[in-house]
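Examination of the molecular architecture
What follows is each chain in one-letter form.
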Amino acid sequence: EILLSLTKTRLSALASVHSITGRSKMKKEELAEALSDYVTNTEHLSSMLLQMDGAEWSLFETLLQESSVQDNTIPYGDYAFLLDRGLVFSFFSEGQLHLIMPEEIRDAIRKADLPALKQQHGQHQLAYQYIVAASHLYGAVNVDKLLEIYNAQNEQALSAEELLNEVNEAIGRGENLLLHGGYIVNSYLLHDLDEQKINDWIAKVEGKPYYVPDQEELLRYADETYFEMTSQLSALQQYVLRELCKDQETVEYLIDDLQLACAKGSSIQDLIYEFESRKINFKNPLQAQQTIQLLTEVYNHTRMWANNGFTLVELQAIADGVKPELVKLVNVSAADTVPKVGRNEPCPCGSGLKYKKCHGK
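How each quantity is defined
- Residues numbered from 1 in each chain as written.
- Predicted model: local features only at pLDDT ≥ 70, side-chain atom pairs only at ≥ 80, totals over all residues.
- Heavy atoms only, no water.
- Helix = DSSP H or I, 4+ residues; strand = E, 2+ residues; numbered from the N terminus.
- Buried < 20%, exposed > 50% of the residue type's maximum accessible area, 1.4 Å probe, protein only.
- Contact = heavy atoms within 4.5 Å.
- Areas by Shrake-Rupley, 256 points an atom, 1.4 Å probe, with all protein chains shown as cover.
- Expected span 1.5 Å × (residues − 1).
- Arc of directions from axis to C-beta.
- Polar contact = N/O pair within 3.5 Å; in protein donor to acceptor, adjacent residues only side chain to side chain.
- Salt bridge = Lys/Arg side-chain N within 4 Å of Asp/Glu carboxyl O.
- Core = buried A, V, L, I, M, F, W, Y, C linked by side-chain atoms within 4.5 Å.
- Patch = residues over 30% accessible without salt bridge, like charges linked within 9 Å, V, L, I, M, F, W, Y side chains within 5 Å.
- Lys, Arg positive; Asp, Glu negative; His and termini not counted.
- Charge placed at Lys NZ, Arg CZ, Asp CG, Glu CD.

**Concerning the overall build of the protein**
Of regular secondary structure, the protein possesses 19 helices and 6 strands. For the protein, the residues scored as buried account for 44% of the 361 residues in total. Across the protein, every contact between residues at least 6 apart in sequence was considered, and the portion connecting residues at least 24 apart equals 59%. As presented, the protein carries roughly 19100 Å² of accessible surface, and 49% of it is formed by carbon and sulfur atoms.

Structure below.
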(Lines give C-alpha, C1' and ligand atoms only; values in the text may rest on other atoms or scores of the structure.)
Protein backbone atom coordinates (compact mmCIF):
# COMPACT_ATOMS: atom_id res chain seq x y z
CA GLU A 1 0.00 0.00 0.00
CA ILE A 2 2.82 2.41 0.83
CA LEU A 3 4.65 1.69 -2.41
CA LEU A 4 1.52 2.31 -4.48
CA SER A 5 1.07 5.68 -2.74
CA LEU A 6 4.48 6.84 -4.04
CA THR A 7 5.09 8.50 -7.41
CA LYS A 8 6.52 6.45 -10.26
CA THR A 9 9.65 8.64 -10.10
CA ARG A 10 10.20 7.71 -6.46
CA LEU A 11 9.58 4.01 -7.20
CA SER A 12 12.06 4.17 -10.10
CA ALA A 13 14.66 5.71 -7.77
CA LEU A 14 14.17 2.88 -5.24
CA ALA A 15 14.39 0.28 -8.03
CA SER A 16 17.60 1.91 -9.26
CA VAL A 17 19.21 1.65 -5.79
CA HIS A 18 18.49 -2.09 -5.84
CA SER A 19 19.53 -2.48 -9.51
CA ILE A 20 16.22 -4.15 -10.39
CA THR A 21 16.47 -5.20 -14.03
CA GLY A 22 13.91 -4.01 -16.57
CA ARG A 23 12.75 -1.20 -14.28
CA SER A 24 12.73 1.40 -17.07
CA LYS A 25 9.94 -0.47 -18.91
CA MET A 26 7.80 -1.25 -15.87
CA LYS A 27 4.51 0.42 -15.06
CA LYS A 28 3.95 1.86 -11.59
CA GLU A 29 2.14 -1.25 -10.30
CA GLU A 30 4.87 -3.52 -11.69
CA LEU A 31 7.58 -1.41 -10.03
CA ALA A 32 5.77 -1.62 -6.69
CA GLU A 33 5.45 -5.39 -6.97
CA ALA A 34 9.10 -5.87 -8.01
CA LEU A 35 10.30 -3.68 -5.12
CA SER A 36 8.08 -5.49 -2.63
CA ASP A 37 9.48 -8.85 -3.76
CA TYR A 38 13.07 -7.57 -3.55
CA VAL A 39 13.04 -5.87 -0.15
CA THR A 40 11.15 -8.72 1.53
CA ASN A 41 13.66 -11.31 0.28
CA THR A 42 15.53 -12.54 3.38
CA GLU A 43 18.90 -12.74 1.60
CA HIS A 44 18.61 -9.21 0.23
CA LEU A 45 17.43 -7.92 3.60
CA SER A 46 20.35 -9.54 5.42
CA SER A 47 22.83 -7.93 3.04
CA MET A 48 21.27 -4.49 3.58
CA LEU A 49 21.20 -4.88 7.36
CA LEU A 50 24.91 -5.68 7.45
CA GLN A 51 25.67 -2.40 5.69
CA MET A 52 23.99 -0.27 8.38
CA ASP A 53 25.99 1.89 10.74
CA GLY A 54 25.42 1.91 14.49
CA ALA A 55 22.73 4.63 14.56
CA GLU A 56 20.83 2.99 11.70
CA TRP A 57 20.97 -0.42 13.38
CA SER A 58 19.65 1.06 16.62
CA LEU A 59 16.70 2.67 14.79
CA PHE A 60 16.07 -0.56 12.87
CA GLU A 61 15.84 -2.52 16.14
CA THR A 62 13.40 0.03 17.55
CA LEU A 63 11.20 -0.14 14.44
CA LEU A 64 11.32 -3.91 14.52
CA GLN A 65 9.63 -3.78 17.93
CA GLU A 66 7.36 -0.75 17.51
CA SER A 67 6.67 -0.62 13.73
CA SER A 68 6.55 3.20 13.82
CA VAL A 69 8.38 6.01 15.59
CA GLN A 70 7.29 9.62 16.00
CA ASP A 71 10.28 11.85 16.71
CA ASN A 72 11.02 15.16 14.99
CA THR A 73 14.55 15.22 16.43
CA ILE A 74 15.88 12.11 14.65
CA PRO A 75 18.74 13.26 12.36
CA TYR A 76 18.08 12.56 8.68
CA GLY A 77 21.42 10.77 8.47
CA ASP A 78 20.18 8.17 10.96
CA TYR A 79 17.44 6.93 8.63
CA ALA A 80 18.49 8.05 5.12
CA PHE A 81 20.03 4.65 4.30
CA LEU A 82 16.84 2.83 5.38
CA LEU A 83 14.69 5.34 3.50
CA ASP A 84 16.69 5.12 0.27
CA ARG A 85 16.30 1.34 0.22
CA GLY A 86 12.60 1.19 0.96
CA LEU A 87 12.98 -0.47 4.36
CA VAL A 88 11.51 2.54 6.17
CA PHE A 89 9.14 5.29 5.00
CA SER A 90 8.66 8.77 6.40
CA PHE A 91 5.39 10.65 6.72
CA PHE A 92 4.49 14.07 8.10
CA SER A 93 1.19 14.66 9.87
CA GLU A 94 0.37 17.97 11.54
CA GLY A 95 4.05 18.87 11.68
CA GLN A 96 5.04 15.52 13.21
CA LEU A 97 7.59 13.20 11.58
CA HIS A 98 6.62 9.52 11.59
CA LEU A 99 8.96 6.72 10.52
CA ILE A 100 7.27 3.45 9.58
CA MET A 101 8.58 -0.03 8.81
CA PRO A 102 5.96 -1.97 6.80
CA GLU A 103 4.61 -5.23 8.24
CA GLU A 104 5.91 -7.32 5.31
CA ILE A 105 9.48 -6.18 5.95
CA ARG A 106 9.23 -6.82 9.70
CA ASP A 107 7.89 -10.32 9.00
CA ALA A 108 10.69 -11.05 6.52
CA ILE A 109 13.36 -9.87 8.98
CA ARG A 110 11.99 -12.13 11.71
CA LYS A 111 12.55 -15.11 9.41
CA ALA A 112 16.29 -14.32 9.37
CA ASP A 113 18.72 -15.41 12.09
CA LEU A 114 18.83 -12.07 13.92
CA PRO A 115 21.36 -13.02 16.65
CA ALA A 116 23.80 -14.21 13.99
CA LEU A 117 23.11 -11.10 11.90
CA LYS A 118 23.74 -8.87 14.91
CA GLN A 119 27.09 -10.55 15.53
CA GLN A 120 28.02 -10.21 11.85
CA HIS A 121 26.93 -6.58 11.90
CA GLY A 122 29.28 -5.88 14.80
CA GLN A 123 32.18 -7.39 12.84
CA HIS A 124 31.24 -5.41 9.73
CA GLN A 125 31.04 -2.21 11.75
CA LEU A 126 34.46 -2.79 13.28
CA ALA A 127 36.06 -3.37 9.87
CA TYR A 128 34.25 -0.31 8.52
CA GLN A 129 35.58 1.82 11.38
CA TYR A 130 39.14 0.61 10.74
CA ILE A 131 38.88 1.52 7.05
CA VAL A 132 37.53 5.01 7.69
CA ALA A 133 39.89 5.65 10.62
CA ALA A 134 42.93 4.59 8.60
CA SER A 135 41.95 6.84 5.70
CA HIS A 136 41.71 9.80 8.09
CA LEU A 137 44.97 9.06 9.88
CA TYR A 138 47.12 8.09 6.89
CA GLY A 139 45.48 9.81 3.91
CA ALA A 140 46.33 6.76 1.80
CA VAL A 141 46.83 3.36 3.41
CA ASN A 142 48.14 0.17 1.84
CA VAL A 143 45.40 -2.50 1.92
CA ASP A 144 47.83 -5.21 3.05
CA LYS A 145 49.09 -2.98 5.86
CA LEU A 146 45.57 -2.23 7.05
CA LEU A 147 44.79 -5.95 7.03
CA GLU A 148 47.93 -6.56 9.10
CA ILE A 149 46.93 -3.86 11.61
CA TYR A 150 43.35 -5.15 11.91
CA ASN A 151 44.38 -8.77 12.40
CA ALA A 152 47.05 -7.84 14.94
CA GLN A 153 44.51 -5.94 17.05
CA ASN A 154 41.55 -8.35 16.82
CA GLU A 155 41.06 -12.01 17.68
CA GLN A 156 38.75 -12.72 14.74
CA ALA A 157 40.90 -12.20 11.66
CA LEU A 158 39.77 -10.85 8.29
CA SER A 159 40.89 -12.23 4.96
CA ALA A 160 42.15 -9.93 2.20
CA GLU A 161 38.97 -10.63 0.21
CA GLU A 162 36.75 -9.76 3.19
CA LEU A 163 38.59 -6.49 3.75
CA LEU A 164 38.26 -5.51 0.09
CA ASN A 165 34.54 -6.32 0.24
CA GLU A 166 34.25 -4.03 3.27
CA VAL A 167 36.09 -1.25 1.42
CA ASN A 168 33.76 -1.57 -1.57
CA GLU A 169 30.74 -1.50 0.75
CA ALA A 170 32.09 1.63 2.44
CA ILE A 171 32.48 3.26 -0.97
CA GLY A 172 28.95 2.12 -1.84
CA ARG A 173 27.70 3.74 1.35
CA GLY A 174 29.03 7.08 0.10
CA GLU A 175 32.33 7.24 1.99
CA ASN A 176 34.72 9.43 0.03
CA LEU A 177 37.25 6.69 -0.61
CA LEU A 178 38.93 5.23 -3.64
CA LEU A 179 40.78 1.96 -4.20
CA HIS A 180 43.85 2.87 -6.22
CA GLY A 181 46.99 0.83 -6.81
CA GLY A 182 46.53 -1.32 -3.72
CA TYR A 183 45.83 1.73 -1.55
CA ILE A 184 42.70 3.07 0.10
CA VAL A 185 42.81 6.80 -0.67
CA ASN A 186 40.84 9.37 1.31
CA SER A 187 38.63 12.12 -0.10
CA TYR A 188 40.89 15.09 0.62
CA LEU A 189 43.59 13.61 -1.61
CA LEU A 190 40.98 12.95 -4.30
CA HIS A 191 39.96 16.62 -4.21
CA ASP A 192 43.49 17.96 -4.25
CA LEU A 193 45.28 15.62 -6.65
CA ASP A 194 44.76 14.18 -10.11
CA GLU A 195 45.48 10.52 -10.88
CA GLN A 196 49.15 11.07 -11.73
CA LYS A 197 49.73 13.06 -8.55
CA ILE A 198 48.02 10.32 -6.51
CA ASN A 199 50.42 7.82 -8.10
CA ASP A 200 53.32 10.11 -7.18
CA TRP A 201 51.97 10.41 -3.64
CA ILE A 202 51.72 6.63 -3.25
CA ALA A 203 55.26 6.23 -4.58
CA LYS A 204 56.44 8.77 -2.00
CA VAL A 205 54.88 7.00 1.01
CA GLU A 206 55.57 3.43 -0.14
CA GLY A 207 58.12 1.69 2.05
CA LYS A 208 57.90 4.22 4.89
CA PRO A 209 57.07 2.84 8.35
CA TYR A 210 53.53 3.28 9.67
CA TYR A 211 52.61 4.90 12.95
CA VAL A 212 50.20 2.40 14.52
CA PRO A 213 48.39 3.51 17.70
CA ASP A 214 46.49 1.06 19.89
CA GLN A 215 42.97 0.14 18.85
CA GLU A 216 41.23 2.68 21.07
CA GLU A 217 43.26 5.59 19.73
CA LEU A 218 43.13 4.39 16.12
CA LEU A 219 39.33 4.07 16.11
CA ARG A 220 38.97 7.65 17.35
CA TYR A 221 40.03 8.65 13.84
CA ALA A 222 36.84 7.08 12.45
CA ASP A 223 35.30 10.42 13.43
CA GLU A 224 36.50 12.75 10.66
CA THR A 225 36.54 15.68 13.10
CA TYR A 226 38.98 13.96 15.49
CA PHE A 227 42.64 14.85 15.69
CA GLU A 228 45.31 14.63 18.36
CA MET A 229 45.29 17.93 20.27
CA THR A 230 49.03 18.26 20.85
CA SER A 231 50.62 20.60 23.36
CA GLN A 232 51.98 22.54 20.37
CA LEU A 233 48.47 23.09 18.98
CA SER A 234 47.28 24.14 22.43
CA ALA A 235 50.15 26.63 22.72
CA LEU A 236 49.28 28.13 19.33
CA GLN A 237 45.59 28.32 20.22
CA GLN A 238 46.34 30.09 23.50
CA TYR A 239 48.68 32.54 21.78
CA VAL A 240 46.13 33.41 19.06
CA LEU A 241 43.38 33.91 21.65
CA ARG A 242 45.64 36.08 23.78
CA GLU A 243 47.28 38.19 21.08
CA LEU A 244 45.34 38.03 17.80
CA CYS A 245 41.65 37.09 18.14
CA LYS A 246 39.33 36.92 21.14
CA ASP A 247 36.55 34.98 19.35
CA GLN A 248 36.75 31.45 20.77
CA GLU A 249 34.72 29.80 17.98
CA THR A 250 36.75 31.45 15.20
CA VAL A 251 40.00 30.32 16.80
CA GLU A 252 38.71 26.76 17.26
CA TYR A 253 37.86 26.55 13.54
CA LEU A 254 41.25 28.04 12.74
CA ILE A 255 43.03 25.37 14.79
CA ASP A 256 40.97 22.61 13.14
CA ASP A 257 41.89 23.81 9.66
CA LEU A 258 45.55 24.38 10.55
CA GLN A 259 45.83 20.84 11.89
CA LEU A 260 44.36 19.39 8.69
CA ALA A 261 46.59 21.60 6.54
CA CYS A 262 49.67 20.40 8.46
CA ALA A 263 48.55 16.77 8.14
CA LYS A 264 48.36 17.28 4.38
CA GLY A 265 51.83 18.87 4.36
CA SER A 266 50.63 22.31 3.21
CA SER A 267 53.08 25.15 2.75
CA ILE A 268 53.65 27.94 5.27
CA GLN A 269 51.85 30.26 2.85
CA ASP A 270 48.77 28.02 3.03
CA LEU A 271 48.93 28.07 6.84
CA ILE A 272 49.16 31.87 6.92
CA TYR A 273 46.20 32.03 4.51
CA GLU A 274 44.05 30.35 7.20
CA PHE A 275 44.67 33.46 9.31
CA GLU A 276 44.12 35.90 6.46
CA SER A 277 40.86 34.25 5.33
CA ARG A 278 39.46 34.87 8.82
CA LYS A 279 40.79 38.44 8.89
CA ILE A 280 43.12 37.58 11.76
CA ASN A 281 45.92 40.06 11.16
CA PHE A 282 49.35 40.53 12.73
CA LYS A 283 49.76 43.93 14.37
CA ASN A 284 53.57 43.97 14.14
CA PRO A 285 56.50 41.88 12.82
CA LEU A 286 57.07 40.29 16.25
CA GLN A 287 53.58 38.77 16.25
CA ALA A 288 54.18 37.40 12.75
CA GLN A 289 57.52 35.90 13.80
CA GLN A 290 56.11 34.34 16.97
CA THR A 291 53.13 32.91 15.09
CA ILE A 292 55.36 31.36 12.44
CA GLN A 293 57.58 29.82 15.10
CA LEU A 294 54.56 28.35 16.85
CA LEU A 295 53.23 27.11 13.50
CA THR A 296 56.57 25.44 12.85
CA GLU A 297 56.29 23.61 16.18
CA VAL A 298 52.76 22.51 15.28
CA TYR A 299 53.89 21.37 11.83
CA ASN A 300 56.77 19.32 13.24
CA HIS A 301 54.48 17.60 15.77
CA THR A 302 51.48 16.89 13.52
CA ARG A 303 50.75 13.37 12.28
CA MET A 304 51.31 13.71 8.56
CA TRP A 305 49.83 11.72 5.70
CA ALA A 306 53.09 11.84 3.77
CA ASN A 307 54.79 10.14 6.75
CA ASN A 308 52.15 7.41 7.25
CA GLY A 309 50.96 9.04 10.46
CA PHE A 310 54.33 9.82 12.00
CA THR A 311 55.29 13.37 12.94
CA LEU A 312 58.48 14.91 11.57
CA VAL A 313 59.95 14.86 15.08
CA GLU A 314 59.15 11.14 15.45
CA LEU A 315 60.71 10.34 12.07
CA GLN A 316 63.85 12.19 13.09
CA ALA A 317 63.87 10.22 16.35
CA ILE A 318 63.65 6.95 14.40
CA ALA A 319 66.55 8.09 12.21
CA ASP A 320 68.53 8.88 15.37
CA GLY A 321 67.70 5.51 16.93
CA VAL A 322 65.33 6.95 19.57
CA LYS A 323 61.96 5.30 20.22
CA PRO A 324 59.20 7.58 18.85
CA GLU A 325 57.06 7.12 21.99
CA LEU A 326 59.76 8.92 24.00
CA VAL A 327 59.57 12.01 21.78
CA LYS A 328 56.40 13.34 23.45
CA LEU A 329 58.06 13.24 26.86
CA VAL A 330 60.93 15.34 25.59
CA ASN A 331 58.77 17.92 23.79
CA VAL A 332 55.83 18.48 26.14
CA SER A 333 57.30 21.54 27.84
CA ALA A 334 58.90 22.95 24.69
CA ALA A 335 55.57 24.14 23.26
CA ASP A 336 54.86 26.44 26.19
CA THR A 337 57.48 28.94 25.07
CA VAL A 338 58.32 30.50 21.72
CA PRO A 339 61.57 28.96 20.50
CA LYS A 340 64.37 31.36 19.57
CA VAL A 341 66.07 30.82 16.21
CA GLY A 342 69.33 32.47 15.24
CA ARG A 343 69.36 34.35 11.93
CA ASN A 344 72.02 32.09 10.48
CA GLU A 345 70.65 28.84 11.87
CA PRO A 346 68.66 26.42 9.67
CA CYS A 347 65.01 27.47 9.41
CA PRO A 348 62.80 25.28 11.65
CA CYS A 349 60.39 24.64 8.76
CA GLY A 350 62.90 22.19 7.28
CA SER A 351 63.47 24.05 4.01
CA GLY A 352 67.26 23.75 4.33
CA LEU A 353 67.67 27.54 4.07
CA LYS A 354 69.04 29.77 6.78
CA TYR A 355 66.34 31.31 8.96
CA LYS A 356 67.10 34.85 7.68
CA LYS A 357 66.60 33.65 4.07
CA CYS A 358 63.35 31.82 4.86
CA HIS A 359 60.76 32.50 7.57
CA GLY A 360 63.04 35.09 9.21
CA LYS A 361 61.96 37.42 6.39
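Moving on, there is more to tell.
**Examining helix 5 (residues 54–66)**
Here helix 5 spans 19 Å end to end across 13 residues, near enough to the 18 Å set by a 1.5 Å rise per residue. Of the residues making up helix 5, those classed as buried are E56, W57, L59, F60, L63 and L64. End-on view of helix 5: buried residues confined to an arc of 165°, all on one side of the axis. Two or three places before A55, at the opening of helix 5, D53 has a side-chain oxygen 3.2 Å from that residue's backbone nitrogen. S67 sits one or two residues past helix 5 and shows a positive phi near 65°.

**Notes on the pattern of salt bridges**
Side-chain pairing between opposite charges can occur once the charged atoms of the two side chains come close. On inspection of all chains with the given rule, the structure shows 10 salt bridges. For E148, the salt bridge is made with K145, and the minimal N-O distance between the two is 2.9 Å. In this pair, E148 and K145 are both assigned in helix 9 (residues 143–153), 3 residues apart and thus about one turn of the helix distant. Residue class for K145 comes out buried when judged on its relative accessible area of 19%. Residues participating in the shared-partner salt-bridge network are E216, E217 and R220.

**Remarks on the nonpolar core**
In a soluble, globular protein the nonpolar side chains are often hidden away together inside. Judged by nonpolar contacts, the single largest core of 38 residues is most densely connected at L146 and I184. No other element matches helix 8 (residues 114–138), which puts 9 residues into this core. Ignoring any residue separated from it by four or fewer positions in sequence, one finds I184 in contact with I131, G139, A140, V141, V143, L146, V167, L177, L178 and L179. W57, I74, Y79 and L97 belong to the second largest nonpolar core, which has 27 residues in total.

**Some details on helix 17 (residues 285–300)**
With 16 residues, helix 17 should reach 22 Å at 1.5 Å per residue; the first-to-last C-alpha distance of 23 Å fits that figure. Taken across its 16 residues, helix 17 has 12 buried, putting it largely inside the fold. Among all positions in helix 17, only Q287, A288, T291, I292, Q293, L294, L295, T296, E297, V298, Y299 and N300 are buried. Each element contacted by the buried residues of helix 17 is listed here: helix 14 (231–243), helix 15 (248–263), helix 16 (268–276) and helix 18 (312–319). The distance from a side-chain oxygen at the start of helix 17 to the backbone nitrogen of L286 is 3.1 Å, and the residue carrying that oxygen is N284.

**What to know about a negative patch on the surface**
A surface patch of negative charge is lined by E29, E30, E33 and D37. Relative to the assigned elements, E29 resides in helix 3 (residues 28–39). By relative accessible area, E29 is classed as exposed at 51%.

**Describing unusual backbone geometry**
Phi is positive for S19, close to 55°, though the residue is something other than glycine. Checked against the element boundaries, S19 lands in the loop between helix 2 (8–17) and helix 3. For N308, which is not glycine, the phi dihedral falls at a positive 50°. As for its position among the elements, N308 is in the loop between helix 17 and helix 18.

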